[in-house]
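Listed below are the residues making up each chain.
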Amino acid sequence: FQAGRIIANLIVVGSGVLVRAFAQAYRQALQNASKNGVAREAVENMKKVSKAMSESEARQILGVSENASWEEIIKKYDSLFENNAKNGSFYLQSKVFRAKECLESTVRKDGEKVMS
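The rules behind these values
Residues numbered from 1 in each chain as written. Predicted model: local features only at pLDDT ≥ 70, side-chain atom pairs only at ≥ 80, totals over all residues. Heavy atoms only, no water. Buried < 20%, exposed > 50% of the residue type's maximum accessible area, 1.4 Å probe, protein only. Helix = DSSP H or I, 4+ residues; strand = E, 2+ residues; numbered from the N terminus. Arc of directions from axis to C-beta. Contact = heavy atoms within 4.5 Å. pLDDT = per-residue confidence, 0-100. Axes fitted to C-alpha atoms, helices over the stretch in contact; angles between N-to-C directions. Parallel < 35°, antiparallel > 145°, perpendicular 65-115°, else oblique. Salt bridge = Lys/Arg side-chain N within 4 Å of Asp/Glu carboxyl O. Expected span 1.5 Å × (residues − 1).

S.K.: Before we move on, could you go through helix α3 (residues 55-62) and cite the residues and values that matter?
M.R.: Restricting attention to buried positions, one finds in α3 the residues Ala-58, Arg-59 and Leu-62. Summarising the axial view, the buried residues of α3 lie within an arc of 100°, below the 170-degree limit, and thus occupy one face. Gly-63 occupies a position one or two residues after α3 and carries a positive phi of about 70°.

S.K.: Residue-level account of the environment of Leu-103, with values.
M.R.: In this structure, Leu-103 sits in helix α5 (residues 90-110). Considering only alpha carbons, one finds Leu-103 and Arg-59, 44 residues apart in sequence, at a separation of 7.6 Å. Setting aside residues up to four positions removed in sequence, Leu-103 forms contacts with Glu-55, Ala-58, Arg-59, Leu-62, Val-64, Trp-70 and Ile-73.

S.K.: Requested: an account of the confidence of the model for the protein, with residues and values cited.
M.R.: The predicted model of the protein has a mean per-residue pLDDT of 79, with 78% of residues at 70 or higher. Of all helices and strands in the protein, the one with the weakest mean pLDDT is helix α2 (residues 38-51) (57), whereas α3 scores best (92).

S.K.: Lay out the packing of α3 against helix α4 (residues 70-87) in plain terms, naming residues and giving numbers.
M.R.: At their nearest, the axes of α3 and α4 sit 9 Å apart, and the two run at 60° to each other. If you check the angle between α3 and α4, you find them oblique. For the pair α3 and α4, the contacting residues are Arg-59, Ile-61 and Leu-62 in the first and Ile-73, Lys-76, Tyr-77 and Leu-80 in the second.

S.K.: Describe the pattern of salt bridges, and please don't skip the residues or the numbers.
M.R.: Throughout the structure, instances matching the rule amount to three salt bridges. For Lys-95, the salt bridge is made with Glu-57, and the minimal N-O distance between the two is 3.5 Å. Placement of the pair is Lys-95 in helix α5 and Glu-57 in helix α3, with a sequence separation of 38 residues. Lys-95 sits in the partly exposed class, given a relative accessible area of 25%.

S.K.: Break down α4 for me, citing the residues and quoting the values.
M.R.: Along its 18 residues, α4 runs 26 Å from first to last C-alpha, staying within 8% of the 26 Å computed at 1.5 Å per residue. Of all the positions in α4, only Trp-70, Ile-73, Ile-74, Tyr-77 and Asn-84 are classed as buried. Taken around the axis of α4, the buried residues stretch over an arc of 110°, which confines them to a single face. Away from its buried face, by an angle of more than 90 degrees, α4 presents the exposed residues Glu-71, Lys-75, Lys-86 and Asn-87.

Have a look at this one:
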């Protein structure tokens, strides 16, 4: 019975020491990262990667070919956007919108007139 108490006390004390050590190490890591600008750079890179959509992915989402005109792209966009607005899929609606944005920037680079 006495041995059980001793073991329980050791576990409680030991886990408390580990938690404090982990918290201190975590705080130190955050301080080091902020001094070096690593944290800010990592967050910026994550933002860029998460928002980037390739042209081929955008074309797949809208269901248009590589040689589709801007008018065709807009027709597909309008149809898909409205269908998702009515049927309530905000995720798909946002993907359709991002696909249009991606293709719009591509079309502008190619010099074609863009009228939304």
